[in-house]
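The chain contents come next:
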Amino acid sequence: MERLDKVLASTGRWSRREVKGLVRQGRVTADGRIAGSPEEKIDPAQTQLRVDGELLAYEEHLYVMLHKPAGVLSATEDRDQPTVLDLLPAAWRRRELFPVGRLDKDTEGLLLLTDDGDLAHRLLSPRRHVDKLYYARVAEDLEPSDEETFAAGMTLADGLVCRPAKLEILSPQECLVTLQEGKFHQVKRMLAHCGRPVIYLKRLAMGPLQLDESLAPGTYRKLTEMELALLKE
Ligand code: URA
């Protein structure tokens, strides 16, 4: 059971305050009965809620695929700099979305945002070994020995131990990297360790979820039912 005001606000169409006003004005019905109070508890999966007669579709959680552009932070708020949430419509921002894992400010590509803490936790858990796939351009030519260095796992000069990962050379200065970890600046640090500083980095996939290439940087869409089902598997 959930509070009526919370359920109505979760549609993203009204703030909690606006919702209270709607209820007080008698504009909200629950299974045909005029709702008496914003605090009343209902079962959102079972109850037909209407506002001014319009039936509301209830979604417990929101799952958004964003093509993160360079120049914005993967954070929910920052005093000075734009964050990925600033790219989303106000109605969605009201849902307390957060990014699942981080990309550096200058990294582009796939970022999942959700208000489903359980799913986020599962995707980020080191025990689950979820693959993250990146495309990188580097400033020095890659060598086949770099693929071996990645496959063997490496210990960086600062002591960070990186588990075995996959490097696939696409051209002398382009590669794909697959990691199951997500340590700070990890792709950049691993490539730098091989003497190949990264000049461009883009995440292409996370587990079964692939960046929709029809999304231009800075744009987003909800996950499809199929994508969500695959992620939850
Ligand atoms: N590795 C990095 O170095 N940066 C990212 O943004 C993601 C992975």
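Heads up: the structure comes first, above all this text.
Residues numbered from 1 in each chain as written. Predicted model: local features only at pLDDT ≥ 70, side-chain atom pairs only at ≥ 80, totals over all residues. Heavy atoms only, no water.

Novice: Lay out the nonpolar core with the relevant residues and their values.
Specialist: The biggest cluster of nonpolar side chains holds 31 residues, and the ones touching the most others in it are F150, V177 and L191. Among the secondary structure elements, those contributing two or more residues to this core are β7 (63–68), β9 (108–114), β10 (132–138), β14 (174–179) and α6 (186–193). Residues in contact with F150, not counting those within four places in the same chain, are P164, A165, K166, L167, V177, M190, L191 and C194. The next biggest cluster of nonpolar side chains, apart from the first, holds 16 residues, and it includes V100, V130, M206 and L209. (Core = buried A, V, L, I, M, F, W, Y, C linked by side-chain atoms within 4.5 Å. Buried < 20%, exposed > 50% of the residue type's maximum accessible area, 1.4 Å probe, protein only. Helix = DSSP H or I, 4+ residues; strand = E, 2+ residues; numbered from the N terminus. Contact = heavy atoms within 4.5 Å.)

Novice: Quick one: what's the story with the pattern of salt bridges, residue by residue and with numbers?
Specialist: Scanning the model with the defined rule gives 18 salt bridges in all. As a salt-bridge pair, D158 and R189 come within 2.7 Å of each other at their nearest N and O atoms. One end of the pair, D158, is in the loop between β11 (154–155) and β12 (161–162); the other, R189, is in helix α6, with 31 residues separating them in the sequence. In this structure R189 comes out as partly exposed when scored by relative accessible area, which is 24%. (Salt bridge = Lys/Arg side-chain N within 4 Å of Asp/Glu carboxyl O.)

Novice: Tell me about the site of the ligand, and please be specific about residues and values.
Specialist: Contacts to the ligand come from L103, D104, T107, Y134, H185, Q186, V187, K188 and L201. Measuring from a nitrogen atom of the ligand, one finds a side-chain N or O atom of D104 at 2.7 Å. At 2.9 Å, a side-chain N or O of T107 approaches an oxygen atom of the ligand. Considering the ligand on its own, with 240 Å² of exposed area, one finds that the protein chains cover 95% of that surface. (Near = heavy atom within 4 Å. Polar contact = N/O pair within 3.5 Å; in protein donor to acceptor, adjacent residues only side chain to side chain. Areas by Shrake-Rupley, 256 points an atom, 1.4 Å probe, with all protein chains shown as cover.)

Novice: Requested: an account of the pairing of β10, with residues and values cited.
Specialist: In terms of burial, β10 is a largely internal element, five of the seven residues being buried. The pairing of β10 with β14 spans six bridges and is classified as antiparallel. From the neighbouring strand, Y134 faces β14, where its bridge partner is V177. When β10 meets strand β15 (residues 198–206), the two strands line up antiparallel, connected through seven bridges. Within the sheet, the bridge partner assigned to Y135 lies in β15 and is K202. (Pairing = 2+ DSSP bridges.)

Novice: An account of the packing of aromatic side chains is requested, with residue identities and associated values reported.
Specialist: Under the counting rule described, the total for this entry stands at two aromatic pairs. Seen in terms of ring centroids, W92 and Y220 are 5.4 Å apart; in terms of plane orientation they differ by 65°. Their pairing is edge-to-face. Highlighted residues: W92 in helix α3 (residues 90–93) and Y220 in strand β17 (residues 220–222), separated in sequence by 128 residues. A relative accessible area of 17% places W92 in the buried class. (Phe/Tyr/Trp six-rings, centres within 6.5 Å; stacked < 30°, edge-to-face > 60°.)

Novice: Can you lay out the environment of D5 for me, pointing to particular residues and giving the numbers?
Specialist: Tracing the backbone shows D5 in helix α1 (residues 4–9). Spatially, the C-alpha atoms of D5 and G182 are 37 Å apart, while their sequence positions differ by 177 residues. Within the structure, the side chain of D5 is placed 3.3 Å from the side chain of K20, a separation counted as a polar contact.

Novice: Can you tell me about the pairing of β9, naming the residues and giving the values?
Specialist: Two faces make up the sheet, and in a regular strand the side chains alternate between them. Judged by how many residues are buried, β9 sits mostly within the fold: seven of seven residues are covered. Across two bridges, strand β8 (residues 98–99) lies against β9 in antiparallel orientation. Bridging across to β9, F98 finds its partner in T114. Both β9 and β15 contribute to a ladder of two bridges, which runs parallel. Looking at β15, one finds that E108 is bridged to K202.

Novice: Give me the state of the cysteines: which residues, what numbers.
Specialist: In the structure shown here, the tally under the stated rule is zero disulfides. No disulfide involves C194; its nearest neighbouring cysteine sulfur is the one of C175, lying 9.3 Å away. (Disulfide = S-S within 2.5 Å.)

Novice: Provide a residue-level description of the sheet that holds strand β6 (residues 54–55), including the pertinent values.
Specialist: Strand order in the open sheet formed by four strands is β3-β2-β5-β6, with antiparallel pairing between adjacent strands. Edge strands, defined here as strands with exactly one partner in the open sheet, are β3 (33–34) and β6. As paired elements, strand β5 (residues 49–51) and β6 share two bridges and run antiparallel to each other. Across the sheet, R50 pairs through a bridge with L55, a residue of β6.

That is the geometry; function is a separate question.
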